[in-house]
Structure formats: C-alpha cells, structure tokens
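Fold and contact review
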Amino acid sequence: MTHTTTALIIGGGATGVGIARDLALRGVGVTLVERSGLAGGTSGRSHGLLHSGARYAESDPRGAKECIEENEILRSIAGHCIRDSGGLFVQLDDDDPTYFEEKRDACIELGIPVTELSGDDARVQVPELSDDVVRALAVPDGVVYPSRLVSLNAQSAVDAGAEIFIHSPVTSITVSDERITAVSVGGELDETIEAEYVINATGAWAEQCAALAGVSVPMRPTKGVMVAIPYEGLDPVLNRCRLPADGDIIIPHDDQVVLGTTSVAVDDPDSYAMEDSEIEQMFTECAAMLPSIIGREAVRPYWGVRPLYAPDEDNRGTADAGVGNERGISRDFTLIDHTADGVSNFATIVGGKLTTYRQMAEAASDLASEKLGVPTASTTATTQMEGLDDPSYLDSLVDRYDARSPADADMIRHTV
C-alpha cells in the first residue's frame, strides 16, 4: 500500500517530533516514522540537563545565549517535562580560579542569571557537598525528562493533524529525477510513503539514513556513559567548574541522581564497547564534588551517542569529542539542504543538544515550509502543549509512544 503525505520526518527523537509539531501547527500534513519507540536514541539516553548556557558562557557566547533563551521557552511550554532544579558550578581547591571568574563574568555579560556563593553557603544548599568546594555559581540549570518531553511533543503534533508511526524502520529510499519519490517503511507500518518533502532527523544515524538516498552526511558519533544511583535529597544540578572533562556533572532526580559523562569516539552508533571502567570513573570523578556517592549501587548505567557532524568536528581540530576548551565549545546544529547533492526535496539536521531541540525543529521547519510554499511562521515558542501540567497524562503518553528510556526510567510511572 502507499501512504501519501506532504512532509515525512524520519526519526522520533526530540528534534524529529519537534519538527512534526512545528509543521503540523503550520497546517502542513506530516507523517513521522521511527524504527523503535520514540526517544529510543540519543534523546532518551542523555543525562537530561536543561542547560542555562553557563557551561558554554566563556567559550561560545552565541551558543550559551541560545541555551538560556530555549531554557526559558521550555519552562513555559513543557510543564512537568521539566524540573526547575537550579544548578551549581562548584570550584574545588585544585580548580583554576581564573576559569571560575571568566565563567561568572561571561554569564553576567550574556544575561544568564548567576549568583556567587561561598563554599559554606553552597553547603547550606547541599550539605553533603565536598569540604574542598571553595565557592560556587548558582545558575538556572534544570532537568529534562526526555521520555515525557518527546511524547508530549508527539501528541501535540498528532492533535494538530500529524501521523506518527513507531516501530516502523525505513528500509529504502527511491530517488528519481533529483527527488525522493518513495520511502519504503517496514515494521508495524509496512507501507511505501510518497512525500513532497523528507527530513532526516535520525541524529547519530543520519549518515546511514542519508546513504539510502545516495547522499553523504559524514558523522563522527561519540559515546558517553551515565550512571543512575540511589541518592535522595539533592536539589540542584552539580557541575564541576573546570575545563570540561569526564565525570563533571550530577543530575538530581527524586530518589536517584545521574552521574556523567564520558566522550569517546565510536565507529557504529549501534555497536560499541560498554566498559565497567567507565562506570567506575564516574564514581571517582563525581565524588570529588559529592563524596557521599561512593559505595552506592550503579542501579542503571547506560550509554548515549552524540550526533556529531564530522566536518564541524574537523574544524574544531578534534578526532573525538575533544577535551578542555574544545570539549567545552557548545556544538551548534547543522541543517543541510540536499539540493546541492542532487536531491531537491530532502534535508538533514544533525548536532545540537536536547535543550535546543525546539530551535532546531523550527529551523528545519522553516526550510521545509520555504520549499513547500507554506507562508506560516513557527508558533512553537509561544504555544503551550496541552496536558503539560498533568504528570499522569504525560506518563500515559510515554506508554502510548513506547518512549521508555533509561534517562528518566525512575521518574516515569507507567500506566499500562
């Protein structure tokens, strides 16, 4: 059978469902296909940080500014997909004080709310914080529950007229006369889709998807480990205030925290080593900030793969995710119009971060709308998603779209 649509989105992570929602709200007919459940890739295997921009303030002011803007938008439109935890960047005895001061000053210049605290004042907020913490910066970091966020975006898209099919992998793409004329989809849908425009939003798998259309999108994915452990009572996100490195963040949940992360280049986003030593490293590094994590059980270790675009990484001069200043540079997203590659109705979007998924989706939707002759502008920054303040409803959507992911598995109360 043949399924027809105006826009086909391949990939059901945050960016893909964000595009589906954006285009559907513009009145465009949208179909989205995902090979597994929603949030089955990078989105659902993130550490779940809602960036304030402070992490990038001194190294990438533009990226930091985008983060604080999207941070504020998501708090407005996404409700209980977000936890308003706040965050602390903590400087230890051995950390460079100049780096702390540069970050503080950059935040102030960019309008990122920041308050400097003494070590003692920081320990009032987090009593188990290391005695080696000499001072801290309080910033408006938060926590994202990606399973809820992706599912709510998907339902918002469906409510606006989109169709979403999970467990429906793309098996082939037919190109004729410099246009995609058919996309074969297996799994539960098991149909051929004819679309006027196709967007590849498969993240770390973008290279494989684009190759089906005869297009090159070189990716350089990197893996990162996260470790969820039992730990009650931590309120703010904890960030180590040093040049970015392995094991420099702790994300609070209700009765668990997530330790992260590493950054190691991998050849295949579906197959890579998951070493116990990486888990142990997270305990060792993160314990410098919060010593009381030592001895806790690693109840949910998991790895995610970052969707890094190879040409951008080459320009950064790194073969993997970089260290220090290079690793600390905020990775912007890349939107590729494949007209120059001989496929006029095809685009790929890669890179970015969970915090800026909506901005990425708007950019991709702007391009698709231009190609389709749709004059309507994006409204996703100001349109709240229905049901955003009902956690039970949000968790029912997670079940509906099979968006169970390790990033927030302890937070989601399944309804089926």
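If you check an unreviewed UniProt entry, the chain appears there as Glycerol-3-phosphate dehydrogenase from Natronocalculus amylovorans. According to the UniProt record, the Catalytic activity (unreviewed entry) comment for the chain reads "a quinone + sn-glycerol 3-phosphate = dihydroxyacetone phosphate + a quinol".

In spatial order, the strands read S3-S8-S4; together these 3 strands make up an open sheet with antiparallel pairing. Two strands in the sheet have a free side with no partner beyond their single neighbour: strand S3 (49–50) and strand S4 (82–83). Across 2 bridges, the pairing between S4 and strand S8 (residues 142–144) is antiparallel. Bridge assignment links Arg-83 to a residue of S8, and that residue is Val-143.

With that settled, the discussion passes to helix H3 (residues 97–110). End to end, H3 covers 20 Å across 14 residues, agreeing with the expected 20 Å (1.5 Å per residue, within 8%). Among the residues of H3, Tyr-99, Phe-100, Lys-103, Arg-104, Ala-106, Cys-107 and Leu-110 are the ones counted as buried. Down the axis, H3 shows its buried residues gathered within 165 degrees of arc, on one side only. Turned more than 90 degrees from where H3 packs its buried face, Ile-108 and Glu-109 sit exposed.

Residues with a pLDDT of 70 or more make up 96% of the chain, whose mean pLDDT is 95. Of the regions scoring below 50 in pLDDT, residues 318–328 engages in 34 contacts with residues more than four places distant in sequence or in other chains.

Okay, the nonpolar core next. Counting residues in each nonpolar core, the largest one holds 50 residues, and the members touching the most others are Ile-9, Ile-19, Leu-23, Val-30, Leu-38 and Ile-199. Ignoring sequence-local partners within four residues, the contact set of Leu-23 consists of Ala-7, Ile-9, Val-28, Val-30, Ile-199, Ser-365, Ala-368 and Ser-369. Among the nonpolar cores identified, the runner-up in size contains 27 residues, and Val-90, Leu-238, Cys-286 and Met-289 belong to it.

Attention shifts here to the pattern of salt bridges. Applying the stated rule across the entire model yields 24 salt bridges. The salt bridge involving Arg-26 is made with Asp-366; its shortest N-O contact spans 2.7 Å. Here Asp-366 lies in helix H10 (residues 357–372) and Arg-26 lies in the loop between helix H1 (14–25) and strand S2 (30–33), a separation of 340 residues in the sequence. Given the relative accessible area of 36%, Asp-366 is considered partly exposed. Here Glu-101 and Arg-135 are joined by a salt bridge, their closest N and O atoms 2.9 Å apart. Taken together, the residues Glu-101 in helix H3 and Arg-135 in strand S7 (residues 133–139) connect sequence positions 34 residues apart. For Arg-135, a relative accessible area of 14% translates into the label buried.

Thr-261 follows Gly-260 through a cis peptide bond whose omega is -15 degrees. With respect to the helices, strands and loops of the structure, Thr-261 is situated in the loop between strand S16 (256–260) and strand S17 (264–265). One non-glycine residue, Asp-190, adopts positive backbone phi at about 50 degrees. Here Asp-190 shows up in the loop between strand S11 (179–185) and strand S12 (191–200).

As a further point, take the environment of His-253. Counting through the fold element by element, His-253 comes out in the loop between strand S15 (249–252) and S16. Every residue in contact with His-253, bar those within four places of it in the chain, is listed here: Arg-83, Val-143, Tyr-145, Leu-234, Val-258, Arg-300, Ala-407, Asp-408, Asp-410 and Met-411. Within the structure, His-253 has its side chain in polar contact with the side chain of Asp-410 (distance 3.0 Å).

Where H1 meets H10, the axes come as close as 8 Å, and the angle between the chain directions of the two elements is 50 degrees. Overall, the two elements H1 and H10 adopt an arrangement that is oblique. The way H1 lies across H10 gives a crossing that is right-handed. Where H1 abuts H10, its residues Ala-14, Thr-15, Gly-18, Ile-19, Asp-22 and Leu-23 lie against Tyr-357, Met-360, Ala-361, Glu-362, Ala-364, Ser-365, Ala-368 and Ser-369. Each residue belonging to the contact of H1 with H10 can be placed in one class, and the counts come to 8 nonpolar, 4 polar and 2 charged.

How each quantity is defined
Residues numbered from 1 in each chain as written. Predicted model: local features only at pLDDT ≥ 70, side-chain atom pairs only at ≥ 80, totals over all residues. Heavy atoms only, no water. UniProt positions renumbered as here; feature names shortened; annotations may be inferred. Pairing = 2+ DSSP bridges. Helix = DSSP H or I, 4+ residues; strand = E, 2+ residues; numbered from the N terminus. Expected span 1.5 Å × (residues − 1). Buried < 20%, exposed > 50% of the residue type's maximum accessible area, 1.4 Å probe, protein only. Arc of directions from axis to C-beta. pLDDT = per-residue confidence, 0-100. Contact = heavy atoms within 4.5 Å. Core = buried A, V, L, I, M, F, W, Y, C linked by side-chain atoms within 4.5 Å. Salt bridge = Lys/Arg side-chain N within 4 Å of Asp/Glu carboxyl O. Polar contact = N/O pair within 3.5 Å; in protein donor to acceptor, adjacent residues only side chain to side chain. Axes fitted to C-alpha atoms, helices over the stretch in contact; angles between N-to-C directions. Parallel < 35°, antiparallel > 145°, perpendicular 65-115°, else oblique. Left-handed = near helix turned anticlockwise from the far one by under 90°. Nonpolar A, V, L, I, M, F, W, Y, C, P; charged D, E, K, R; others polar.

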